[in-house]
Amino acid sequence: LLFTPAANVLLEKFSSLPTYLGTAVETITENGRLFAESGGKMVEVVYANAADLAKLSTSGLQEGFYVVGSGDTGAAMTLATIGVGYTLAMMGSALAIKKPHPTYKVTGSSTVTTPTQSQRNVHTDNMFKLPQFYALGTVLVVVASGGMGLIGVAKPLMSEVFSGTLPSIVTASFASSFILMLSVGNLGGRLAWAAVSDKIGRPATFHLFTFGSIAIYASLPTIIQQVIQHQSAASLGAFCGLSVAAISMFGGVYSILPAYESDLFGTKYVGANHGKMLLFSSTAAIAGPSAFLYLRSLSEKAAITDLLSKIDPSAFKEKFGSDVSALDTLIEAKTVTVAKLMEIAPPGVVDPTPFLYDTSFYTIAAAIGVGAAAHAMIRPVNPKWYEKAE
């Protein structure tokens, strides 16, 4: 809720546009890269078409050739500025926190009630020996991987998948608003699902997280198909709503997890036990976004290969200055993209760009299925692991 608006303002302040050379530029291709003359020397260039520019939040760009390495996104200075701000806020808060004076008493209160500790406590040294620890951690990894992955690709996903079909709705501003919607879902899920778990219990709530997430992620490709086929704003709304619901479950896992750990392993060492459980969270932070991007990359390569089977080789060579044998190099240099291939594709060929994330969604749904199975096997801890009462 704070980072996205702040980042947008700072990015606009620190960014600078790349050097624009125009549309009618004489280029040569070397090792899969385009070069053109600028300022009396040959520089690497890239051609940005209307589809490429529609995915960017930067305004003031025109279709044509740009010098590679020129301009600045402003990302480095933006992250540095926000990092300094966060550091100052956390350091200031840490220094301001003080224990209340021993004689301090809340007005109107005469006694302080200390919560009773559970008598069924598992010592933190034994956590790695318990199957319940790994089963619960598996749920955390898969649900958090889906949530972090979706948040990580939310803005480019929205632009790539929907901007071509609903350009009047899915603008750069809409994509930024989508991230804010996910943030609200994350925060709201932490509050709402905690209240739900108090009513129906932690195990039942985690069943809702796993089976609900499976249904959501598995249905998103179908909803995307509906948006593309029917140019349906209602289906776009369904996509956004279900994405927010999935993120609310991601937030709910983190909100309820400490209480679930207390139910299983006792309250005495819940802080230390939760710290070990967060090892799974660290795994998800790496695996989630990486999995989404890797699977999208595989889908993009498959889409390019499929498009090439429908494109005249001579048209390809005329467009890119090289034959298909140099495809891998051209893809790596971003000379060949799906958008650029669609410019020379025969009429009637469907643009595969909106469906590049389908594999990611299906894979996350399958992974959460593993988490659902792991959660279903959780049983009460064997009493032999409980710490003996002193």
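These notes cover the structure that comes with them. Worth saying up front: this structure is predicted, and the values here are computed from it rather than measured.

Attention shifts here to the sheet that holds strand S4 (residues 41-48). Read across the sheet, 5 strands follow the order S1-S5-S4-S3-S2 without closing on themselves; strand pairing throughout is antiparallel. Each edge of the open sheet carries a strand with a single partner, namely strand S1 (20-22) and strand S2 (27-30). The sheet shows a mean angle of 45° between the axes of neighbouring strands, taken without regard to direction.

A side chain of one charge can pair with a side chain of the opposite charge when the charged atoms of the two come close. Summed over the entire model, instances satisfying the criterion amount to 8 salt bridges. Lys268 is paired through a salt bridge with Glu387; the nearest N and O atoms lie 3.0 Å apart. Taken as a pair, Lys268 in the loop between helix H7 (233-265) and helix H8 (270-308) and Glu387 in the segment after helix H12 (358-376) lie far apart in primary sequence, 119 residues in all. Lys268 gets classed as partly exposed once you look at its relative accessible area, which sits at 34%. According to the relative accessible area criterion, Glu387 is partly exposed, its value standing at 28%.

A few words on the environment of Leu88. Within the secondary structure layout, Leu88 lies in helix H3 (residues 75-96). Overall, the relative accessible area of 60% leaves Leu88 in the exposed class. Remark: the alpha-carbon pair of Leu88 and Ala51, spanning 37 residues in sequence, is separated by 41 Å.

Turning our eyes to something else, we now look at the packing of H7 against H8. The contact between H7 and H8 brings their axes to 10 Å, and the two run at 125°. Between H7 and H8, the angle falls in the class oblique. Crossing geometry of H7 relative to H8 is assigned as right-handed. Between H7, through Tyr254, Leu257, Pro258, Glu261, Ser262 and Phe265, and H8, the contact on the second element is made entirely by Val270, Asn273, His274, Met277, Leu278 and Ser281. Taken together, the residues of the contact of H7 with H8 sort by class into 7 nonpolar, 4 polar and 1 charged.

A few words now on the packing of aromatic side chains. One pass over the structure, following the stated rule, counts 14 aromatic pairs. Relative to Tyr134, the ring of Phe133 lies with its centre 5.2 Å away and its plane at 80°, an arrangement referred to as edge-to-face. The buried category is assigned to Phe133, whose relative accessible area is 1%. Residue classification places Tyr134 among the partly exposed positions, given a relative accessible area of 38%. Residues Phe162 and Phe239 carry aromatic rings whose centres are separated by 5.0 Å and whose planes lie at 70° to one another, so their mutual orientation is edge-to-face. Of this pair, Phe162 sits in helix H4 (residues 131-162) while Phe239 is found in helix H7, placing the two residues 77 residues apart along the sequence. The exposure classification of Phe162 matches that of Phe239, with both residues buried.

For Gln231, which is not glycine, the phi torsion reads 50° and is therefore positive. Along the chain, Gln231 falls in the loop between helix H6 (202-230) and H7.

Within the element layout of this structure, Ser299 appears in helix H8. Accessibility expressed as a relative area gives 14% for Ser299, which makes it buried. Beyond its immediate chain neighbours, meaning those up to four positions away, Ser299 contacts Leu356 and Thr359.

It is the contact of H8 with H12, at a shortest axis distance of 8 Å, that shows an interaxial angle of 135°. Judged by the inter-axis angle, H8 sits oblique to H12. Every pair of crossing elements has a handedness; the one defined by H8 and H12 is right-handed. For the pair H8 and H12, contact is made by Ala291, Phe292, Leu295, Arg296 and Ser299 and by Thr359, Ser360, Phe361, Thr363 and Ile364, respectively.

Pairing analysis gives 4 bridges linking S2 to strand S3 (residues 33-38), with the strands arranged antiparallel. Following the sheet pairing, Ile28 is matched in S3 by Phe35. Count of turn residues in the S2/S3 antiparallel hairpin: 2 residues, of which Asn31 carries a positive phi of about 50°.

Criteria and cut-off values
Residues numbered from 1 in each chain as written. Predicted model: local features only at pLDDT ≥ 70, side-chain atom pairs only at ≥ 80, totals over all residues. Heavy atoms only, no water. Pairing = 2+ DSSP bridges. Helix = DSSP H or I, 4+ residues; strand = E, 2+ residues; numbered from the N terminus. Axes fitted to C-alpha atoms, helices over the stretch in contact; angles between N-to-C directions. Salt bridge = Lys/Arg side-chain N within 4 Å of Asp/Glu carboxyl O. Buried < 20%, exposed > 50% of the residue type's maximum accessible area, 1.4 Å probe, protein only. Parallel < 35°, antiparallel > 145°, perpendicular 65-115°, else oblique. Left-handed = near helix turned anticlockwise from the far one by under 90°. Contact = heavy atoms within 4.5 Å. Nonpolar A, V, L, I, M, F, W, Y, C, P; charged D, E, K, R; others polar. Phe/Tyr/Trp six-rings, centres within 6.5 Å; stacked < 30°, edge-to-face > 60°.

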